[in-house]
Amino acid sequence: MRAIVLVGGEGTRLRPLTLCVPKAVVPVVNRPMMFLILNWLKSHGVSEVVLSACYKPDILRKVIGRTYRGMKIDYIYEESPLGTGGAVKRAEKYINGTTVVMNGDILTDLDLSKMLKFHRQKKSRVSIALTQASNPSSYGVVETGRDGSVLRFLEKPSPEEVAGKVLNINAGVYIIEPGTLDLMKDGKVYSIERDIFPKFIGDGFYGFVSRNIYWMDLGTAAKYVKACRDILEGAYKVKGLEAAGKNVKFGGGSRAVRPSCIGSGTVVGGNSRIGELSVLGKNCVIGKNCVVERAILWDNVTIGDNCVISDCVLAGGVKVGASSSVTGETVLGEGSVLAPYSRLRA
Ligand code: GDD
Ligand code: MG
């Protein structure tokens, strides 16, 4: 089976983390987010993936490559964003059988194989995965009938519109049949959620509801951090997750508290503590007498001596001068440099 994954967005809500890399490449426990999505697709029998790219496609292609664990990876590009609908239309030539289409920023263990069975039983033209979320107005809200048919699709309704209701939201995973995009024109900008889904209603459009699954849209820094922590705590299983990679070195009196994850080649100075829920990328250098806790450091981050780094995200190559304190949900973009004695709290 083939999957088309939408990865063309600019990731504006994840800035500054997405200023230098597309969201699909943002590291989650030291691997590109896309690898976790590809693992999930593979575990449900997907063998070919088409990445629908627009923002920073060169980086995407370089990091993800043409194959992954035996899956074939193809790319399709837009010169300017066609929106979530226009992008799927552009990939239409790849839809020559039952095809999975999904957002490229979703971490989930939902049972795609079961969804496929549901799709076949219902003889759906389009099936949409639905789940529940605490803040429905950040998502597409979907009402279904007793037989699962979609009755209403409302993208990001105002909080008043959804107040007090238990509603299912669009989990960003669809299964579609060839021919379903005939109503769209090539090269036109469409939002699949606003312009297309409402048109599918009444024409073989069914919602597949999953409860008690892991599901997270990694579109904001807070959700990104939550997903990394959930993985460290085992709420979302990632194979091959290591507490420490190759050639990680600890100076005398320093230690790492689990759950945490340290990338290969990282060096931690004497008497420093890497506290729980921390992720350190590859080749980071942590000075002496530091505390790093509940922090996410990408590759090649350098922290001077006597620093406190907590509850923050530091992108690749960030340099923090000695005796600094970076705390309270600070997010620093790639290559940021802080002078010694800096105090930073978001
Ligand atoms: N190729 C391409 N072109 N991809 C795009 C474009 C585009 O113009 N615009 C967005 N994308 C990609 C993004 O990279 C992302 O992977 C996916 O489409 C969804 O875009 P988001 O910007 O992350 O949307 P959202 O999170 O606000 O809302 C969507 O996802 C929710 C579930 O996470 C909607 O589908 C909601 O209905 C849904 O509930
Ligand atoms: Mg999203």
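About the criteria used
Residues numbered from 1 in each chain as written. Chains lettered and ligands numbered in written order. Predicted model: local features only at pLDDT ≥ 70, side-chain atom pairs only at ≥ 80, totals over all residues. Heavy atoms only, no water. Donors = N, O, S within 2.8 Å, 3.2 Å for Na, K, Ca; no water. Helix = DSSP H or I, 4+ residues; strand = E, 2+ residues; numbered from the N terminus. Buried < 20%, exposed > 50% of the residue type's maximum accessible area, 1.4 Å probe, protein only. Core = buried A, V, L, I, M, F, W, Y, C linked by side-chain atoms within 4.5 Å. Domains from an automatic or database assignment. Contact = heavy atoms within 4.5 Å. Near = heavy atom within 4 Å. Polar contact = N/O pair within 3.5 Å; in protein donor to acceptor, adjacent residues only side chain to side chain. Areas by Shrake-Rupley, 256 points an atom, 1.4 Å probe, with all protein chains shown as cover. Nonpolar A, V, L, I, M, F, W, Y, C, P; charged D, E, K, R; others polar. Buried area = accessible area lost by both parts, 1.4 Å probe. Salt bridge = Lys/Arg side-chain N within 4 Å of Asp/Glu carboxyl O. Phe/Tyr/Trp six-rings, centres within 6.5 Å; stacked < 30°, edge-to-face > 60°.

### Examining the coordination of the magnesium ion (ligand 2)
Item 1. Here the magnesium ion (ligand 2) is held by the protein donor atoms Asp105 (OD) and Asp217 (OD), which lie 2.1 to 2.3 Å from it. Of this pair, Asp105 sits in the loop between strand E7 (99–103) and strand E8 (106–108) while Asp217 is found in strand E14 (residues 215–217), placing the two residues 112 residues apart along the sequence. Note on accessibility: Asp105 and Asp217 belong to one class, buried.

### Considerations on the nonpolar core
Item 1. Counting 68 residues, the largest nonpolar core has Leu41, Leu51, Ile64 and Tyr224 as its most contacted members.
Item 2. Top contributing element to this core by residue count: helix H1 (residues 33–43), with eight residues.
Item 3. Three or more residues apiece are contributed to this core by two domains, here domain 1 (2–233) and domain 2 (249–345).
Item 4. Once residues lying within four places of it in the same chain are set aside, the contact partners of Ile64 are Val25, Pro32, Met34, Phe35, Leu38, Leu51, Ile73 and Tyr75.
Item 5. If you look at the next biggest cluster of nonpolar residues, it comprises 26 residues, including Leu6, Ala87, Phe153 and Tyr190.

### Some thoughts on the site of ligand 1
Item 1. Around ligand 1, 26 residues are found, and the nearest of them are Glu78, Glu155, Asn170, Glu193 and Asp217.
Item 2. Within the backbone of Gly83, a nitrogen or oxygen atom sits 2.7 Å from an oxygen atom of ligand 1.
Item 3. For ligand 1, whose free accessible area comes to 740 Å², the fraction covered by protein is 90%.
Item 4. Of all the elements in the fold, those that place two or more residues in the shell around ligand 1 are helix H3 (83–90), strand E12 (168–176) and E14.
Item 5. Each residue belonging to the shell around ligand 1 can be placed in one class, and the counts come to nine nonpolar, nine polar and eight charged.

### Some details on the domain arrangement of the protein chain
Item 1. Domain annotation for the protein chain reports domain 1 (2–233) and domain 2 (249–345).
Item 2. Placing the centre of domain 1 and that of domain 2 at their C-alpha centroids yields a distance of 33 Å.
Item 3. Taken together, the 15 residues of domain 1 in the interface contact 20 residues of domain 2.
Item 4. Of all residues in domain 1, Asn30, Arg229 and Leu232 give up the largest surface area on contact with domain 2, accounting jointly for 40% of the area buried on that side.
Item 5. Connecting domain 1 to domain 2 are one salt bridge.
Item 6. Along the contact surface separating domain 1 from domain 2 lie three residue pairs in polar contact (both at pLDDT 80 or more).
Item 7. It is helix H7 (residues 221–232) that provides the largest number of residues to the side of domain 1 that touches domain 2, a total of six residues.
Item 8. Taken together, the residues of the side of domain 1 that touches domain 2 sort by class into twelve nonpolar, one polar and two charged.

### As for the packing of aromatic side chains
Item 1. Evaluated as defined, the whole model comprises ten aromatic pairs.
Item 2. Between Phe197 and Phe200, the ring centres sit 6.1 Å apart and the planes meet at 50°, which makes this aromatic pair tilted. You can see Phe197 and its partner Phe200 sitting in helix H6 (residues 192–200), three residues apart, about one turn around the helix.
Item 3. Residue classification places Phe197 among the buried residues on the basis of a relative accessible area of 1%.
Item 4. Look at Phe200 and you get buried, because its relative accessible area is 6%.
Item 5. Members of the aromatic cluster, joined through ring pairs, are Phe153, Tyr174, Phe197, Phe200 and Phe205.

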